[in-house]
Amino acid sequence: MKTVNVLFVLLGTVGALRWGFSAGKLDIDGTPYNFALGDARVTASLAPTAKLKVQLNTKLDDEPKRPHQCMLIFRTTGSNDATEAAVMMSVKPSTGRATATLSQKDFGALFMVDGRVEISVVIGGPGDDEPINQQIAVVEFLPDPKKPIVGPARARYGPQPDINHIFRQAQKSPAFPVSLFFSMAILLGLVGLIGIWMQLKANISSLGTAVEAAILPHIGLMFALLGIEGLLVVFWLQLRIYEAIFGLSTFGALAFLTGRPALREMQLRQG
């Protein structure tokens, strides 16, 4: 079994291909800087009006092939918190010829402030094929005397002062005397309504008969209605909305369950 595992490992190693490139050239306004796979990086300067062009032939082992990704990585060198950016290279499918052309304005203020940029080429694709990431050049930006470089301060990427935020105070109910006054007004109105019913003898004469015929439905219905009224008063004083909804659901269910038989009894008695 160990021999079989080793054989599979060796076959996987042999089957894995390696991406690379050839005929690498960095051209700055007609001045060529050649580079090859495994060479040390070249050093060049880029004037404000000059064009930087990178050319190379991508290949998988020794055969020209278009990779899934072929890009240039730019990285600043003047500070510890380096800035990076990527530029995709245009690759011809038939020959694998990759090109990219840039000027100073394409790099942006963050790169221009540092004055130098490292350029690396990254070639790779999906699967087990081994990608390549090689630094090919260090380019120095020559300043333009007519347009001084003004870049953002590096401090914006560092620690910032603490932000002290004062949250608005939670909205409070009216003062307790005001709430109590309105609550008493509601209760007194309910008591006054009951008193008027008693004075007019509205359905009072049949109360005893109704309770004797169906005591639980009538008592439960009255308890549920009074409970809903009391819940509204307590909610105004101190209850939270979710607690009030739970209590209202409870009293509402009780009113529904007891109200139907109570109304049925009254309908049979009057009919």
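Because the structure is predicted, anything quoted here is derived from the model rather than measured. Each chain carries its own residue numbering, running from 1 in the direction its sequence is written. Residues qualify for local features only when their pLDDT is at least 70, as the model is predicted, and side-chain atom pairs are given and counted only at 80 or more; totals for whole chains, interfaces and linings, by contrast, use all residues. The side-chain figures draw on all heavy atoms in the structure; neither hydrogens nor water molecules are used.

Engineer: With reference to specific residues and values, describe the pattern of salt bridges.
Structural biologist: We define a salt bridge as a side-chain nitrogen of Lys or Arg found within 4 Å of a carboxyl oxygen belonging to Asp or Glu. Inspection of the entire model under this criterion finds 3 salt bridges. The partner of R41 in a salt bridge is E118, with the nearest N and O atoms 3.5 Å apart. Of this pair, R41 sits in the loop between β2 (31-35) and β3 (42-46) while E118 sits in strand β10 (residues 116-124), placing them 77 residues apart in sequence. Here R75 ties to E84 by a salt bridge, and the two come within 3.4 Å at their closest N and O atoms. Assessed through its relative accessible area of 53%, E84 is described here as exposed. Numbering goes from the N terminus for both helices and strands, where a helix is a DSSP run of H or I of at least four residues and a strand is a run of E of at least two. The classification of residues rests on relative accessible area computed with a 1.4 Å probe and restricted to protein chains. Under 20% of the type maximum is buried, over 50% is exposed, and intermediate values are partly exposed.

Engineer: Which residues make up the packing of aromatic side chains, and what values do they have?
Structural biologist: Any two rings among Phe, Tyr and Trp, with Trp reduced to its six-membered ring, count as a pair given centres within 6.5 Å; such a pair is stacked if its planes are under 30 degrees apart, edge-to-face if over 60, and tilted if neither. Going through the model one piece at a time under the given rule, you end up with 4 aromatic pairs. For the pair F21 and F35, a centre-to-centre distance of 5.7 Å together with 65 degrees between the ring planes defines the contact as edge-to-face. Within this pair, whereas F21 is found in strand β1 (residues 19-28), its partner F35 is found in strand β2, the two being separated by 14 residues in sequence. Across the pair, F35 and F21 agree in class, each one buried.

Engineer: Summarise helix α5 (residues 215-237); cite the residues concerned and give the values.
Structural biologist: The span one expects for a helix is its residue count, reduced by one, times 1.5 Å. Taking 1.5 Å per residue, 23 residues should reach 33 Å; α5 reaches 33 Å between its end C-alpha atoms and fits that length. Among the residues of α5, those classed as buried are P217, H218, G220, A224, G227, L231 and V233.

Engineer: Account for the side chain of Q134, naming residues and giving values.
Structural biologist: Tracing the chain through its elements places Q134 in strand β11 (residues 132-141). The exposure class assigned to Q134 is buried, which follows from its relative accessible area of 10%. Here the side chain of Q134 touches A36 through a polar contact of 3.1 Å, landing on its backbone oxygen. Setting aside residues no more than four positions away along its own chain, Q134 makes contact with F21, A36, L37, G38, D39, I119, S120 and V121. Identification of polar contacts relies on pairs of N or O atoms within 3.5 Å, with a donor-acceptor requirement for protein atoms, meaning one able to donate a hydrogen and the other able to accept it, and with residues adjacent in sequence counted only if both atoms are side-chain atoms. Working rule for contacts: check all heavy atoms of both residues, and any pair within 4.5 Å makes them a contact.

Engineer: Provide a residue-level description of the confidence of the model for the protein, including the pertinent values.
Structural biologist: Of the residues in the protein, 79% have a pLDDT of 70 or more, and the chain-wide mean is 78. pLDDT measures the predictor's confidence residue by residue and takes values from 0 up to 100. In this model residues 1-13 is a low-confidence stretch, pLDDT under 50, and it forms 0 contacts with partners more than four residues away in sequence or in other chains.

Engineer: Requested: an account of the nonpolar core, with residues and values cited.
Structural biologist: Each nonpolar core is a collection of buried residues, namely Ala, Val, Leu, Ile, Met, Phe, Trp, Tyr and Cys, held together in the definition by side-chain atoms within 4.5 Å. Judged by nonpolar contacts, the single largest core of 33 residues is most densely connected at L56 and L72. Elements that contribute at least two residues to this core include exactly β1, β3, β4 (52-60), β6 (69-76), β9 (97-102), α2 (109-114), β10 and β11. Sort the elements by how many residues they give to this core and β11 lands first, with 5 residues. Look past the residues within four positions of L56 in its chain and what remains in contact with it is F21, S22, A23, G24, F35, C70, M89, G96, R97, A98, V121 and I123.

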